[in-house]
Amino acid sequence: MTSINNIALNFDKSKYTYSQQAKVQSLMSKYLVSLLKHYDGRKKQLRICDLGTGSNANLLIDYLNSTEHNLNITLVDLVNILPEVKEKIFRFSQVKTLESEQQDVFTWSDQERQKFDLIISNAMIQWIENPFELLQQIINQLNSQGIFAFSTFSLENFKELKQVTNNSLVYFAKSSWLEMLSKSGYQVIACQEFQEQLLFASLNDLMQHLKETGVNNLPNKSIWTKSKLEIFKQKFDELKVDDRYPLTYHSLLFICQKKLEV
Ligand SMILES: C[S@@+](CC[C@H](N)C(=O)[O-])C[C@H]1O[C@@H](n2cnc3c(N)ncnc32)[C@H](O)[C@@H]1O
C-alpha cells in the first residue's frame, strides 16, 4: 500500500494542476452533488464534513453552489486547503463556520466529537487500506439517519496501467461496497456507476496527467531502467485506441443513510 506520506506529498505537489486535470473526479463530484440534492433533508442548518477535501475543495464548492442549507463545515485531509480556496468558501453566505483539520481520515474518524448530519467525500476512500473499518468509524460520526455521500473507483479503474505494470491500488466491485455498507449499518438509497476512457497523444502526456492529478504513486513502484521503460512502451502501444494511449476511469457513487436502529 502506498504510504500516507507519499499520498500527501503527491497531492500537495499537484495542488495547482489538479482542478484543471482531474476531469473525471470533477464529473464524479458534480454527479454526487446532483444525486445528493434529493436526500440532504429539510433541516435549515446542517453540520457537514468533507473527508479528503483536497487543496481545492472541489466537492465542497460544488455542494455550496447547489444548496440553500446553512452549514457548519469541517474539512479533513492530509494536505492543507489553499488559502484562496478557503476565502472563496467564506464568500458563500450559507457558510456559518469552517474548521479544517490536517489529519488522516482514519485517525480522525476514530475520535469522539459532535456528530454530523452529512458527510461527503469524493475520490478519497480508495486510498484507505481498510475501507470496511473506515465505513464503521464514519457511521459513528453521523447523527441518526445522517447521510454519507461518497464516490470512489472500481475494478476497471486504470486497467491499462494494471495490464502493463501489474501495479494497482486495491479496488472493490459495486457488490462488495454494497455488502460492506450494509454490514456497517448504512442503507444505500442511491448508487451510480460509470466508466470514462481518456485518450492521450503520447505516453508522456498520460504519465503527466497522472502526476498532475496526484496519482504517480502506485504501489510496488519499481525503478524505471531504460529496458523496463522500453517494455512498458511496447506493451502500452498494443493497447492504443485510434492511435492514442487510453486510460480508463471506473467510478462508483453512493448516497447512504445511517439506519435508524444503529
Ligand atoms: C483525488 S483527491 C480528491 C480531492 C477532492 N475530494 C475533490 O473532490 O477534488 C484525494 C484526496 O484524498 C486525500 N487523502 C488520501 N488519503 C487520505 C487519508 N488517509 N486521510 C486524509 N486524506 C486523504 C488526498 O490528500 C487528496 O487530497
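Residues numbered from 1 in each chain as written. Predicted model: local features only at pLDDT ≥ 70, side-chain atom pairs only at ≥ 80, totals over all residues.

With respect to the nonpolar core
(1) Moving on: Judged by nonpolar contacts, the single largest core of 54 residues is most densely connected at Ile-48, Ile-119, Ile-120, Phe-148, Ala-149 and Phe-254.
(2) Moving on: Aside from chain neighbours lying at most four places away, what touches Phe-254 is Phe-150, Trp-177, Leu-181, Val-188 and Cys-191.
(3) Moving on: Within the second largest apolar cluster, five residues are counted, among which are Phe-158, Leu-206, Tyr-245 and Leu-247. (Core = buried A, V, L, I, M, F, W, Y, C linked by C-beta atoms within 7 Å. Buried ≥ 20, exposed ≤ 12 C-beta atoms within 10 Å, placed from the backbone. Contact = placed C-beta atoms within 7 Å.)

So, the site of the ligand
(1) Moving on: Neighbouring the ligand are 22 residues; Gly-52, Gly-54, Asn-58, Asn-122 and Trp-127 lie closest to it.
(2) Moving on: For the shell around the ligand, the secondary structure elements donating two or more residues are helix H1 (4-13), helix H3 (23-36), helix H4 (58-66) and helix H6 (105-108).
(3) Moving on: Top contributing element to the shell around the ligand by residue count: H1, with four residues.
(4) Moving on: Across the shell around the ligand, the residue classes tally to 13 nonpolar, seven polar and two charged. (Near = placed C-beta within 6 Å. Helix = DSSP H or I, 4+ residues; strand = E, 2+ residues; numbered from the N terminus. Nonpolar A, V, L, I, M, F, W, Y, C, P; charged D, E, K, R; others polar.)

What about the packing of helix H7 (residues 131-139) against helix H9 (residues 174-184)?
A pair of packed helices can be characterised by two numbers: the angle between their axes and the separation between those axes.
(1) Moving on: Following both chains from N to C, one finds H7 and H9 inclined at 40 degrees, their axes separated by 9 Å at the closest point. One finds that H7 runs oblique with respect to H9. The way H7 lies across H9 gives a crossing that is right-handed. Residues Pro-131, Phe-132, Leu-135, Gln-136 and Ile-139 of H7 touch H9, and the partners they reach there are Met-180, Leu-181 and Ser-184.
(2) Moving on: When grouped by side-chain class, the residues that make up the contact of H7 with H9 number six nonpolar, two polar and no charged. (Axes fitted to C-alpha atoms, helices over the stretch in contact; angles between N-to-C directions. Parallel < 35°, antiparallel > 145°, perpendicular 65-115°, else oblique. Left-handed = near helix turned anticlockwise from the far one by under 90°.)

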